Amino acid sequence: MKDKKIREVAITALMAALIFIATFLIKIPNPATGGYSHMGDCMIFLAVVLLGRKNGSLAASIGGALSDLLAGAPVWILPTLIIKYIMAFIMGTIIKAQPESKKLQITGAAVGGLFQIVAYTLVKILLWGFTTALLSVPNISIQTLTGIVLFGVLSAVLSGTLNKFMNRKGI
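Residues numbered from 1 in each chain as written. Predicted model: local features only at pLDDT ≥ 70, side-chain atom pairs only at ≥ 80, totals over all residues. Heavy atoms only, no water.

So, on to the packing of helix α4 (residues 102-128) against helix α5 (residues 130-157). Helix packing geometry: the angle between the two helix axes and the distance between the axes. With their axes 9 Å apart at the nearest point, α4 and α5 run at an angle of 160° to one another. Taken as axis vectors, α4 and α5 run roughly antiparallel relative to one another. For the pair α4 and α5, the crossing hand works out as right-handed. For the contact of α4 with α5, a count of residues per class yields 13 nonpolar, 11 polar and two charged. (Axes fitted to C-alpha atoms, helices over the stretch in contact; angles between N-to-C directions. Helix = DSSP H or I, 4+ residues; strand = E, 2+ residues; numbered from the N terminus. Parallel < 35°, antiparallel > 145°, perpendicular 65-115°, else oblique. Left-handed = near helix turned anticlockwise from the far one by under 90°. Nonpolar A, V, L, I, M, F, W, Y, C, P; charged D, E, K, R; others polar.)

What follows is the structure in structure tokens.
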């Protein structure tokens, strides 16, 4: 039991690190908001498939918030922590009954991604006002859609490996 818990924590931490790297290192700046688009959402969706709803959500929130912290964007740490957790949790809830279902995975990523778009836009309205927030919607939409598409491609390419990982006992 103890080994299983240690392995679970280690794999969750590894996925949080991968989410951080994909978010922090691959940045496409958005001059309208001072923010950026990134590839972290793809890794978040992958984390949910690999780790399940609870640990995938933890990895998503930690990896995303750590990126904001180290990027020097402290105002975004708490919103990211909450939004990424809920986005991943939504996907995890949708795929819980059949985590191997590619259709449910994409549906879960899309619904979670839609939540993310709305949630970040609401936070931006509070921080910067309606006009600036509205101008950022295409950017976050492209980021989210790109994350879903890349997740779909990566998931298809790694399908056999992912299924073996998901079906292993003790993970």
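Back to the text.
Here we take up the packing of aromatic side chains. This structure, assessed with the given rule, holds five aromatic pairs. For the ring pair Trp-76 and Tyr-120, a centre distance of 5.8 Å and an interplane angle of 55° mean the geometry is tilted. Remark: Tyr-120 occurs in helix α4 and Trp-76 occurs in the loop between α2 (40-70) and α3 (77-95); sequence separation between them is 44 residues. Neither Trp-76 nor Tyr-120 differs from the other in exposure class; each is buried. With a centroid separation of 5.9 Å and 15° between ring planes, the pair formed by Tyr-85 and Phe-89 is classed as stacked. Pair noted here: Tyr-85 and Phe-89 are both in helix α3, with a separation of four residues, about one helical turn. A connected cluster of aromatic rings, assembled from ring pairs, spans Trp-76, Tyr-120 and Trp-128. (Phe/Tyr/Trp six-rings, centres within 6.5 Å; stacked < 30°, edge-to-face > 60°. Buried < 20%, exposed > 50% of the residue type's maximum accessible area, 1.4 Å probe, protein only.)

Counting across every chain of the model gives two salt bridges. With its nearest N and O atoms 3.6 Å apart, the salt bridge here joins Glu-8 to Lys-5. Placement of both Glu-8 and Lys-5 in helix α1 (residues 2-24) is noted, with a separation of three residues, approximately one turn of the helix. When its relative accessible area of 22% is taken as the criterion, Glu-8 is described as partly exposed. (Salt bridge = Lys/Arg side-chain N within 4 Å of Asp/Glu carboxyl O.)

On to α5. Taking 1.5 Å per residue as the helical rise, α5 with its 28 residues ought to reach 40 Å, and the 40 Å between its terminal C-alpha atoms agrees with that figure. Along α5, the helix axis deviates most sharply at Ser-136, where the bend reaches about 30°; the proline Pro-138 sits within four residues downstream. Where α5 is concerned, the buried positions are Ala-133, Ser-136, Asn-139, Ile-140, Gln-143, Thr-144, Gly-147, Ile-148, Phe-151 and Ser-155. (Expected span 1.5 Å × (residues − 1). Bend = angle between axes of the 7 residues up to and from the residue.)

Position of Thr-132 relative to the elements: it lies in helix α5. As a C-alpha pair, Thr-132 and Thr-121 span 11 residues in sequence and 9.4 Å in three-dimensional space.

Now for the nonpolar core. By size, the foremost hydrophobic cluster in this structure holds 25 residues, and its most contacted members are Met-15, Ile-44, Phe-45, Leu-51, Met-91 and Phe-151. Those elements that provide at least two residues to this core are α1, α2, α3 and α5. For this core, the element with the most residues is α2, which contributes 12 residues. Residues within four places of Met-91 in sequence aside, it is in contact with Phe-45, Val-48, Val-49, Gln-105, Gly-108, Ala-109 and Phe-151. Grouped together as the second largest cluster of nonpolar side chains are eight residues, Trp-76, Ile-83, Ala-119 and Ile-140 included. (Core = buried A, V, L, I, M, F, W, Y, C linked by side-chain atoms within 4.5 Å. Contact = heavy atoms within 4.5 Å.)

Keep in mind these numbers describe shape, not what the thing actually does.
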